[in-house]
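Listed below are the residues making up each chain.
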Amino acid sequence: MSELVVHNARVMTCDPDRPGLGMIDRGALAIAGDAIRWIGGDAERPRGAREIDAGGRLVTPGLIDCHTHAIFAGDRAVEFGMRAAGASYLEIARAGGGIAASLGPTRAASDEALIAALGARLDAALAGGTTAIEVKSGYDLTVEGELRLLRCVAAAAARRRQRVVPTLLAHLVPPERAADRDAFVAELCGALIPRAAGEGLASSVDAYCDEGAFTLAETRAIFTAARAAGLAVRAHAGQFRDLGAAELVGELSGLSADHLEQVSDAGIAALARAGTVAVMLPGACVQLRLPVPPVERLRRAGVALAVASDLNPGSSYCETLPIQMWLATTHLGMTVDEAWLGVTRHAARALGLAGAGALTRGARADLIVWACDEPAHIPYRYGAAVQLIDAVFVAGEPADCSILRRDR
Ligand SMILES: [Zn+2]
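Residues numbered from 1 in each chain as written. Predicted model: local features only at pLDDT ≥ 70, side-chain atom pairs only at ≥ 80, totals over all residues. Heavy atoms only, no water.

### A few points about unusual backbone geometry
And then number 1: For His259, which is not glycine, the phi torsion reads 85 degrees and is therefore positive.
And then number 2: Structurally, the position occupied by His259 is in strand 11 (residues 256-259).
And then number 3: Backbone geometry at Leu260 places phi at a positive 60 degrees, although glycine is not the residue there.
And then number 4: By the secondary structure assignment, Leu260 is in the loop between strand 11 and helix 9 (265-274).
And then number 5: Residue Leu260 is classed as buried on the basis of its relative accessible area of 0%. (Helix = DSSP H or I, 4+ residues; strand = E, 2+ residues; numbered from the N terminus. Buried < 20%, exposed > 50% of the residue type's maximum accessible area, 1.4 Å probe, protein only.)

Structure below.
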């Protein structure tokens, strides 16, 4: 007998072997331990020690946020005000704001303060249905400091059931190393990347390849070191200027190319050939008033699209995904089905999490019971989407934050 059976549900499986979102209109699923033991039609369901009647409501995979910078100290609300008054991101960065403005507070913060701040953001994400989340380093930009950030990510992750995927981010050359940037890149490649890999602190390396960050040649050097250390690669690509990062990520069969407001047809073709995921970050796109990424060209080329929060103190201080799904559909031109696959199955692929982001037999039981029955309601009712969550299960257990309003 299964420990828990959820029945009388509209189950969105996101199973790649079923069409579209893999809906089972009168569906049920059975959980044993931390995994889904059975899934199918309501009439054939097994008996469970505990049974939940979902009352025809929607049950979906837990959401996966595949791009965040969730470990940082301080905030940049002042810059938000400057941008609202008309200043551009690059103007603010040249005036000493931007990423560099987060280095001081993050370097000065204690381990415990960083772990607590990250933990609060992870909890907010969970309350919004995020059961798996990527966290990038990148707000220290010294070898020892970046390793410390990744150890803090591991410490926060060890305290929760939510799945946390750590990424080492080559964010930019810090101002104090501007005069010897070649030596800084050599340190990243020769010391930071092999040490992070050796300690098991990251599963991939991300590089910010753009104006004001790393050049294409530097990005290639960083990726070469990452692959030599056995780590996957992904890039911040073409947020402001297309430097050819999409072509490079495709050439190296990277996991994802993210942002892509600026990308050539050759870059898109390279992503399609490699099966690399294109991660859309609509919150940052809107907040920085950037042109929208070419969703239609990516779709036509057959590139899988993911949607993420880009949670960071500068351009997108947002822990939850439903509002990103709203922006993806209304501002970027993605369909509701694309937005859903973008925060489930395709997000899992962007993180290299095989089998995650779908409700299938044997998968980890990360799922959401919603207080509505239509997939479109989550982006459509964007102001209240988080309140539409009835319960979140993480690895088979109801999350502490679950709003179990009714005893069903
Ligand atoms: Zn980012």
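### With respect to the sheet that holds strand 7 (residues 130-136)
And then number 1: Strand order in the open sheet formed by eight strands is 6-7-8-9-10-11-12-13, with parallel pairing between adjacent strands. Here the strands that pair on one side only, and so sit at the sheet edges, are strand 6 (63-65) and strand 13 (305-307). Taken over all neighbouring pairs, the strand axes of this sheet differ in orientation by 25 degrees on average, direction set aside.
And then number 2: Of the strands in this sheet, strand 7 and strand 8 (163-170) are in contact with helix 4 (residues 111-127), which crosses strand 7 at around 145 degrees.
And then number 3: Where helix 7 (residues 216-228) meets the sheet, its contacts fall on strand 8, strand 9 (204-209) and strand 10 (232-237), and the angle it forms with strand 9 comes to roughly 180 degrees. (Pairing = 2+ DSSP bridges. Axes fitted to C-alpha atoms, helices over the stretch in contact; angles between N-to-C directions. Contact = heavy atoms within 4.5 Å.)

### What to know about the layout of surface pockets
Once rolled over the atoms, a probe with the size of a water molecule shows which space is left empty.
And then number 1: Considered as a void within the structure, the largest pocket measures approximately 380 Å³ in volume.
And then number 2: Contributing to the lining of the largest pocket are 20 residues, with Ala93, Arg94, Leu172, Gly212 and Ala213 lying nearest its centre.
And then number 3: Here the lining of the largest pocket gets four residues from one element, more than from any other, and that element is helix 2 (residues 89-94).
And then number 4: Here the lining of the largest pocket is built from residues that sort into 13 nonpolar, four polar and three charged. (1 Å grid on protein atoms, 1.4 Å probe; cavity = no way out; pocket = protein on both sides within 12 Å on 5 of 7 lines; lining within 4 Å. Points joined across faces, edges and corners; volume = space filled by probe spheres on them. Nonpolar A, V, L, I, M, F, W, Y, C, P; charged D, E, K, R; others polar.)

### What about the packing of helix 5 (residues 143-158) against helix 6 (residues 181-198)?
And then number 1: Taken N-terminus to C-terminus, the directions of helix 5 and helix 6 make an angle of 25 degrees; their axes are 10 Å apart at the nearest point. If you check the angle between helix 5 and helix 6, you find them roughly parallel. Of the two elements, helix 5 crosses helix 6, and the hand of that crossing is right-handed. Between helix 5 and helix 6, the contacting residues are Val143, Glu144, Glu146, Leu147, Leu150 and Arg151 on the first element and Glu187, Ala191, Leu192, Arg195 and Ala196 on the second.
And then number 2: For the contact of helix 5 with helix 6, a count of residues per class yields six nonpolar, no polar and five charged. (Parallel < 35°, antiparallel > 145°, perpendicular 65-115°, else oblique. Left-handed = near helix turned anticlockwise from the far one by under 90°.)

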